Amino acid sequence: MPGISKHQTDPRIRRTRQLIKDAFVALLQEMDIEKMSISSIAERATISRVTFYLHYRDIPDMLDKMADEMIEDLQHAMNSNPALPTSPEDKDWLRLVKMLEHIAENAPFYKVILGSRRPHIFTERLLQMFTELITARFENRETASSGSKAVIQKDIAIWYGSSALIGTIVGWLRNDMPYTPGFLAKQLYLLTTHDL
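Residues numbered from 1 in each chain as written. Predicted model: local features only at pLDDT ≥ 70, side-chain atom pairs only at ≥ 80, totals over all residues. Heavy atoms only, no water.

In the annotation of an unreviewed UniProt entry, the chain is listed under the name TetR/AcrR family transcriptional regulator and assigned to Paenibacillus thiaminolyticus.

This next bit is on the overall build of the chain. The helix and strand inventory of the chain stands at 9 helices and 0 strands. Ordered by position from N to C terminus, the α and β elements of the chain give α-α-α-α-α-α-α-α-α. In the chain, which comprises 196 residues, the share counted as buried stands at 39%. The long-range share in the chain, meaning contacts at least 24 apart out of those at least 6 apart in sequence, stands at 65%. (Helix = DSSP H or I, 4+ residues; strand = E, 2+ residues; numbered from the N terminus. Buried < 20%, exposed > 50% of the residue type's maximum accessible area, 1.4 Å probe, protein only. Contact = heavy atoms within 4.5 Å.)

A few words now on the environment of Ser-162. If you trace the backbone, Ser-162 turns up in helix α8 (residues 154–174). Separated by 31 residues in the primary sequence, Ser-162 and Thr-131 place their C-alpha atoms 5.5 Å from one another. Contact partners of Ser-162, with chain neighbours within four places excluded, come to Leu-127, Phe-130, Thr-131 and Ile-134. Here Ile-158 takes part through its backbone oxygen, which lies 2.8 Å from a polar atom of the side chain of Ser-162. (Polar contact = N/O pair within 3.5 Å; in protein donor to acceptor, adjacent residues only side chain to side chain.)

So, about the UniProt feature "DNA-binding region" (unreviewed entry) in the chain. Under the present numbering, the feature "DNA-binding region" (unreviewed entry) in UniProt falls on residues 37–56. In this annotation, residues 37–56 is assigned 75% helix and 0% strand; the end-to-end C-alpha distance for the span is 13 Å. (UniProt positions renumbered as here; feature names shortened; annotations may be inferred.)

Further remarks concern the packing of aromatic side chains. One pass over the full model with this rule turns up 5 aromatic pairs. Consider the rings of Phe-109 and Tyr-110, whose centres lie 5.1 Å apart with planes at 80°: the pair is edge-to-face. Summarising the burial analysis for this pair, Phe-109 and Tyr-110 share the class buried. Ring geometry for Phe-109 and Phe-122: centres 5.9 Å apart, planes at 90°, overall edge-to-face. Linking Phe-109 in helix α6 (residues 107–113) with Phe-122 in helix α7 (residues 120–144), this pair joins segments that are 13 residues apart in sequence. By way of ring pairs, the aromatic residues Phe-52, Tyr-53 and Tyr-56 are connected into one cluster. Over the face of the ring belonging to Phe-109 we find Lys-21, whose NZ or CZ atom lies 4.2 Å from the ring centre. (Phe/Tyr/Trp six-rings, centres within 6.5 Å; stacked < 30°, edge-to-face > 60°. Lys NZ or Arg CZ within 6 Å of the ring centre and 35° of its normal.)

Per the stated rule, a full pass over the model turns up 9 salt bridges. Of the charged contacts in the structure, one is a salt bridge between Arg-12 and Asp-10, with a shortest N-O distance of 2.8 Å. Classification of Arg-12 by relative accessible area gives exposed; the value is 65%. For Asp-10, a relative accessible area of 29% corresponds to the partly exposed category. Among the salt bridges present, the one from Asp-64 reaches Arg-125, with a minimum N-O distance of 2.2 Å. (Salt bridge = Lys/Arg side-chain N within 4 Å of Asp/Glu carboxyl O.)

As structure tokens, this is what we get:
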């Protein structure tokens, strides 16, 4: 259903897609994706193969759509700030907290899909989203700065920032989230205000 937000989709469709997603995540913990079949996903999700095909053409299509949903969910979480920020810095920090809270609430999914030797489409989409966010932030800071700091090449700063953010989130998940989303967001914010 192109063009329709996940949050506007029929609840039965969302429920079936969630069953498929949960089955995929569970199977990914047991086997490599190359060994996974539509039959095994459908069986684990307690649906028929026909039902699977009503939602996805094949496994690559499922991965592509799940990656799109992941980005949509993250963006929705980041943009749903009930508190009004008092400054642009507060806005950045609140968005980061909301994103980390969403990841923490969905930790089993993120632990599996961002882990090593997993489908790279999720990491690539996340990297693309972070690159866009950091590019916008860098450009805003670039226009606001007085030029007193040493010049950092824009593309290098963006590569560094987006890769560091993904790496930190993966490390946080792999270590069973020892810090709250708010604390981690504050630490990341402190690091980025010194680096970029």
